[in-house]
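Each chain, letter by letter, is given below.
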Amino acid sequence: MAIERTLSIIKPDGLKSHVIGKVISRFEEKGLKPVAIRLQQLSQTEAEGFYAVHKARPFFKDLVSFMISGPVVLMVLEGENAVLANREIMGATDPKKADKGTIRADFAKSIDQNTVHGSDSLENAKNEIAYFFRETEIQTYSA
């Protein structure tokens, strides 16, 4: 199995619901280690740049507004098949369709306020990590 890195974001609704520790615990329990982590208030420019792939979609403006509505927790997670593992731990984008026991099923309020973001491919993970973190900010440690 391949050791990978992926980006994870605990969104503003996750912070408002006080589930930061619970979310991070879910990742750690499944073997994903946070190797970089930061609390940050995204600017409009940062949020628009990060979600630029969705710019033509009707939900873009609301997504950006939501992502700048409060601070977020940015994380680089590392572990075996991290991208897929993170996606499984998060659950489906729509919490109503997410499997029981996933982050979104347990904590998300709606498809728009779904608590977490995770990279959807290894290529996107590399780009998303680089968007928020310099390589020198990412640490590796043995567990």
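Residues numbered from 1 in each chain as written. Predicted model: local features only at pLDDT ≥ 70, side-chain atom pairs only at ≥ 80, totals over all residues. Heavy atoms only, no water.

Regarding the UniProt feature "domain: Nucleoside diphosphate kinase-like" (unreviewed entry) in the chain
Taking the numbering used here, the UniProt-annotated feature "domain: Nucleoside diphosphate kinase-like" (unreviewed entry) corresponds to residues 3–140. Secondary structure across residues 3–140 comprises 40% helix and 20% strand; the distance between its end C-alpha atoms is 11 Å. (UniProt positions renumbered as here; feature names shortened; annotations may be inferred. Helix = DSSP H or I, 4+ residues; strand = E, 2+ residues; numbered from the N terminus.)

Description of the environment of Met67
Structurally, Met67 can be placed in helix α4 (residues 60–67). If near-sequence neighbours (up to four positions away) are discounted, Met67 is found in contact with Ile9, Lys11, Pro12, Leu42, Ala47, Tyr51 and Val72. (Contact = heavy atoms within 4.5 Å.)

What to know about the sheet that holds strand β3 (residues 72–80)
Read across the sheet, 4 strands follow the order β2-β3-β1-β4 without closing on themselves; strand pairing throughout is antiparallel. With partners counted over all chains shown, the strands left at the sheet margins are β2 (33–40) and β4 (116–118), one partner each. On average, each strand axis in the sheet is tilted by 20° relative to the strand beside it, whichever way the strands run. Pairing between strand β1 (residues 3–10) and β4: 3 bridges, direction antiparallel. Bridged to Ile10 within β4 is Val116. Helix α5 (residues 82–90) contacts β1, β3 and β4 of the sheet and is inclined by roughly 35° relative to β1. (Pairing = 2+ DSSP bridges. Axes fitted to C-alpha atoms, helices over the stretch in contact; angles between N-to-C directions.)

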